[in-house]
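Topology and contacts: notes
Chain by chain, the residues run as shown.
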Amino acid sequence: MLRFLRRSYAVFKAYFISDFIRSHGFIYGLISMGLWIIMFTIPVTLFTPGGVSRDEVASRIYVGIMLFYYFSAASWDWAAELRWMIMNGRLEYYITSGAGFAPHYFGILPFTLMWLCIALVFNYALLSIVWAPPAITIVNSYAFAVGFILYTVSLIGYALLLGSSMLSTGSTGYFVEFLSFILPVATGGLFPLKQSPEILKTIALLTPFSYPAELLRYSLLGIEPVVSIEKTILIGGVYGALFLILGVIVFRIQLRKALRNGFPTVSLW
Amino acid sequence: MSRAIEVEKITKTYRVKSRRGLFKSSVEFVEAVKGISFTANYGSIVCLLGPNGAGKTTTIKILATLLLPDSGSARVAGYDVVEEASKVRENIGLMLTVEKGFYGKLNGRENLEYFAALYGLPRSIALKRIDHLVKLLELDKLGADRKLYEEFSLGMKARLSLARALLKDAPILLLDEPTLGLDPPSARKIRELVRDMAHRENKSILYTTHNMFEAEIVCDRILLINKGVIVAEGSPEELKDKIPKLKVINLVIKASGDPGKPLERFTFRKEIKQEENSVFNVKMYVPKPEEVLGEIVKALVNSGHEVVNVRVEEPSLEDVFIYYSEGSI
Amino acid sequence: MSFIDILRAEFRLEYNDMFRRKSVLLMLILYPYLFTLFTLFIGYAGGSPGVFIEKFGLNPIVYLITSSYILMSILASIDVLLWRPLYDSENGTLIYIISSPVNRLKYYIALPFPRYTELILMGATSILPVYMYYYGLEGVLLSLLMITLITAGCVVMVPFAIFIAGVCHRVGESWRIINIVRPIVMILMGVYYPRFYIPLIGYVIGSLIPSSFIVEIIQRTLLRLESNTYLLLAVAFTLFFLYLPASAWSIKAWEAKKVKEGVKIS
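Residues numbered from 1 in each chain as written. Chains lettered and ligands numbered in written order. Predicted model: local features only at pLDDT ≥ 70, side-chain atom pairs only at ≥ 80, totals over all residues.

**Details of the overall build of chain C**
Applied cut-off: Helix and strand assignments follow DSSP, with helices taken as H or I runs no shorter than four residues and strands as E runs no shorter than two, numbered in order from the N terminus. Only C-alpha atoms enter the radius of gyration, while the globule expectation follows 2.2 Å times N to the 0.38, with N the number of residues. Field definition: a residue is buried when 20 or more other C-beta atoms are found within 10 Å of its C-beta, exposed when 12 or fewer are, and partly exposed for counts in between, with C-beta atoms placed from the backbone. Whether two residues are in contact depends on their C-beta atoms, placed from the backbone: they are in contact if these lie within 7 Å.
Regarding its fold elements, chain C presents 14 helices and 0 strands. Overall, chain C shows an N-to-C arrangement of helices and strands of α-α-α-α-α-α-α-α-α-α-α-α-α-α. In summary, chain C has a C-alpha radius of gyration of 19 Å against a globular reference of 18 Å for 266 residues, a match within 12%. Projected onto its principal axes, the C-alpha coordinates of chain C cover approximately 60 × 40 × 35 Å. In chain C, buried positions account for 42% of the 266 residues. For chain C, the proportion of contacts with a sequence separation of at least 24, taken over those separated by at least 6, is 75%.

Laid out in structure tokens, this is it:
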């Protein structure tokens, strides 16, 4: 256990010093992503009827941004880091270290959470300037905690699935970007499912992400999920756990495939 | 004592997509390794010597548990590379491409600390070991323990890469072209250290290179590999002795015209290289130079060429390689 | 080396790359729809498409697919200029470009040409079917007009993009700066949120970007608002010519700095 923690800490430390302290990628990435998000979200005002409070609209956008950011972290930090490791020639040494991939994900997670907190503060400020301050309070802390944990579990499963495709095929950046846009949309991450068309509701409820997303929206905005809270927690929990197990299985299979065929070469994009 | 490395008839075939034009593509199967077998003992350096694409890196990767063989078996430190990969990883130090494999924004020491933690070394041991390696490889003198990796020269990168391979003090080292692209002083330093590791610390070292000169001075045993097959093995002297007893007549000629014409009647293998304007270097591989040297010189002089220098030499390792890969010298 | 020679070489490079990486081709076709869906469903977070139709008399899908097409087209054509020095540096080809006698301005102006053909393809797969669905035959003509305008929008951006590229690549980790510049340019151009609705200061700064005028023409046409089309076009093309000397200087200065530092492979 101590070894595992030491290894995870080594990954966290390397990542933190390299990406946050020394390369400022953290800051630049934050600014860039914040600007793109503003570009895509401000048109929501074209859909807003008069008489709806700006704070309320801003809150809904903000929660959507939060869920989108966490989703993006799973794509670009957790999964795509494997592409960087292949490109930089570190992956082979990582594999022969015998550490396994658990320390890799465990080590990056705290860094992601740190980034998420700072990004949300930044976007709060940006949204306040451009539109209105989001009125966010935690209405139900239990739902928030459960929703956050379940969302994390589902995203780790997703990152393992995506990461496994990186290992075996060296998926292009376009593919990753496509997924990181379409999945939050399809899984009800950006808007309350109660307000969405039936077809989208059906699709979203087939994915493990929408249950914790609904819980988080309920806990922060008070918007009731489409399914009862108890059911949301139960289905989200079981589904998330199964999704994680699936991710682990597929990752191991793809890793073996990469060991059989050789690791792919990947380009910058 | 058990063998450090045992390889028995391993094969590996890659599936490669090749594209012709914009739309056509086809799949080809490239046999990188075709049933090679060899062993390596502790306290020795075995060299896999061959040209690019011979199968050296594929073999190293199989032994490093980075690639699964299609058939055959391989054992490292007594453990099977497929079934007991985790045990193999505990017993090897690895050095692949020299110019990457580290975090660009970490300095040399930080990179080594990171890998030491990944290898599971307790912190106190890791720090002592890193201090020792930094001094041994002169990384401190080059400032490599403080500079960011992205600012390293190639020589510094090679040293850091070797330091990582030595971090665990593993009994077996797998080094893939460790001096590729290095300047002579850096390359010499690496070679000296490698020889030390093997003979003083009783490590088994598998060393790949395509440099004949390097193979000759570093390795105790050489495996000549070409197109996925080991074509010959032995010490450098043994390999040279194995080829038909040929000597090399080396002539420097100031030629008026084509120096090859008067030599056409001699059917021995020749290499003619133009050095300067009218100066040529001619090598001829003959079994009994004393019988033909006089006639060769006569033929050249009679054709109006001036023979500036004549030497008779033993065949080099390069000649051995050419013999085994092309079937004759 | 004539401009045609450079064009020929670039077409070869671009098409080989695109057809040998089918994912790139696929993304070109899918991305306008992807961004449309993304923005549409964000709209659900704040209101409904019905409100949009009430406000503007236009289906939001038509508006958003056009905006997404504008975004992808302009990004596709300026990205090849913004990222090329970095791409060449990563590949190790920069040393050969810098040491070649090719006229730099001609070279950089030629770079986006293959992309123009790709954005025509993108228009045919994105706005054309959507316009046809909503407007029938009139939609075909409208989409052709839009494709022409957007192509013009991409052309007038070239010197501006070269200028920005030369300035940005003078700093270390320039790709991070460019990743900030790109969204700022898109916001100021009013790609999704028309710039004639943003505060005056934003409108003025956005007017420094040549294609912002063409984007304005497109949006006013769709929303059936009055616009002085010829004036806006004239301003866009005037800016194109005004930026040309700045772009030549920028690239020359960047190259001089590179040669002074020593051209490395990243």
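**Overview of the overall build of chain A**
Along chain A, the regular secondary structure elements total 11 helices and 0 strands. Reading the helices (α) and strands (β) of chain A from amino to carboxyl end gives α-α-α-α-α-α-α-α-α-α-α. For chain A, the C-alpha radius of gyration of 19 Å lies close to 18 Å, the compact-globule estimate for 269 residues. Along the three orthogonal principal directions, the C-alpha set of chain A runs to about 60 × 40 × 35 Å. With 269 residues in all, chain A has 49% of them scored as buried. In chain A, the share of contacts with a sequence separation of at least 24, taken over all contacts with a separation of at least 6, comes to 82%.

**Some words on the sheet that holds strand β7 (residues 172-176) of chain B**
Residues and elements named next belong to chain B. Note the threshold: Pairing between two strands requires that DSSP report at least two bridges joining them. Inter-axis angles, ranging from 0 to 180 degrees, are taken between N-to-C directions of lines fitted to C-alpha atoms, where helices are fitted over the stretch in contact.
What the 6 strands build is an open sheet, ordered β6-β7-β8-β3-β9-β10; its pairing is mixed. The open sheet has two edge strands with one neighbour each: β6 (92-95) and β10 (229-234). Neighbour-to-neighbour, the strand axes of this sheet turn through a mean angle of 15°, independent of strand direction. Sheet analysis places strand β9 (residues 221-226) next to β10, joined by 5 bridges and oriented antiparallel. Across the sheet, the residue bridging to Asn226 is Val229, located in β10. Sheet strands in contact with helix α5 (residues 154-166) are β6 and β7, and its direction is about 165° off that of β6.

**Points about the packing of helix α10 (residues 137-168) of chain C against helix α13 (residues 211-222) of chain C**
Residue and element names in this part refer to chain C. Rules: Between 65 and 115 degrees an angle is taken as roughly perpendicular, under 35 as roughly parallel, over 145 as roughly antiparallel, and anywhere else as oblique. Crossings are sorted by hand: turned counterclockwise from the far helix by less than a right angle, the near helix makes the crossing left-handed, and turned clockwise it makes it right-handed.
Axis separation between α10 and α13 bottoms out at 8 Å; the angle between their running directions is 165°. Classified by the angle between their axes, α10 and α13 sit roughly antiparallel to one another. Classified by chirality, the crossing of α13 by α10 is left-handed. Within the contact between the two elements, α10 uses Met146, Leu149, Ala152, Gly153, Val156 and Met157 and α13 uses Ser211, Ile214, Val215, Ile217 and Ile218.

**Concerning the environment of Asn277 of chain B**
All names here are of chain B. Tracing the backbone shows Asn277 in the loop between β12 (269-274) and β13 (279-286). What makes Asn277 exposed here is the crowd of 7 C-beta atoms within 10 Å. Between the alpha carbons of Asn277 and Val310 there is a distance of 19 Å; along the sequence they are 33 residues apart.

**Looking at the interface of chain A and chain C**
For the record, the criterion: Three classes are used: nonpolar for Ala, Val, Leu, Ile, Met, Phe, Trp, Tyr, Cys and Pro, charged for Asp, Glu, Lys and Arg, and polar for all others, with Gly counted as polar.
Opposite the 36 residues of chain A that make contact, chain C presents 33 residues. Contributions of two or more residues to the side of chain A that touches chain C are made by α2 (25-41), α3 (54-79) and α8 (173-186) of chain A. Considering each element in turn, the side of chain A that touches chain C owes the most residues, 10 residues, to α2 of chain A. By residue class, the composition of the side of chain A that touches chain C is 25 nonpolar, 10 polar and 1 charged.

**Some words on the nonpolar core**
Looking at soluble globular proteins, one finds that nonpolar side chains tend to be buried together. This is how the line gets drawn: By our criterion, buried Ala, Val, Leu, Ile, Met, Phe, Trp, Tyr and Cys residues that link up through C-beta atoms within 7 Å make up a nonpolar core.
Counting 232 residues, the largest nonpolar core has Cys47, Leu63, Leu174 and Leu206 of chain B together with Leu81 and Ala161 of chain C as its most contacted members. In contact with Cys47 of chain B, other than residues within four places in its own chain, are Tyr207, Thr209, Ala215, Val218, Cys219, Arg221, Ile222 and Leu223 of chain B. With 12 residues, the next largest nonpolar core counts Ile249, Leu263, Met284 and Ile296 of chain B among its residues.

**Some points on the environment of Gly51 of chain A**
Residue and element names in this part refer to chain A. Its place among the elements puts Gly51 in the loop between α2 and α3. Its 5 C-beta neighbours within 10 Å are what place Gly51 among the exposed residues. Gly51 sits 37 residues away from Asn88 along the chain, and the two C-alpha atoms are 54 Å apart.

**Side note on the sheet that holds strand β14 (residues 306-313) of chain B**
All names here are of chain B. Taking strand neighbours across the sheet as the criterion, the 4 strands line up as β12-β13-β11-β14 in an open arrangement whose pairing is antiparallel. Edge positions in the open sheet fall to β12 and β14, since each of these has one partner strand only. Adjacent strand axes in the sheet meet at a mean angle of 15°, parallel and antiparallel pairs treated alike. Of the strand pairs in this sheet, β12 and β13 are connected by 6 bridges, and their pairing is antiparallel. Note that in β13 the partner of Ile272 across the bridge is Val282.

**What to know about unusual backbone geometry**
Residue and element names in this part refer to chain B. A positive phi angle, close to 55°, is found at Asp169, a residue other than glycine. In the Ramachandran plot, Glu177 falls in the positive-phi region, its phi being about 45° despite a non-glycine side chain. Position of Glu177 among the secondary structure elements: in the loop between β7 and α6 (184-201).

**Quick look at the pairing of β9 of chain B**
All names here are of chain B. Of the strand pairs in this sheet, strand β3 (residues 44-49) and β9 are connected by 4 bridges, and their pairing is parallel. Looking across to β9, one finds that Cys47 is bridged to Ile222. Hairpin connection of β9 to β10: 2 residues between the antiparallel strands, including Lys227 at a positive phi of 50°.

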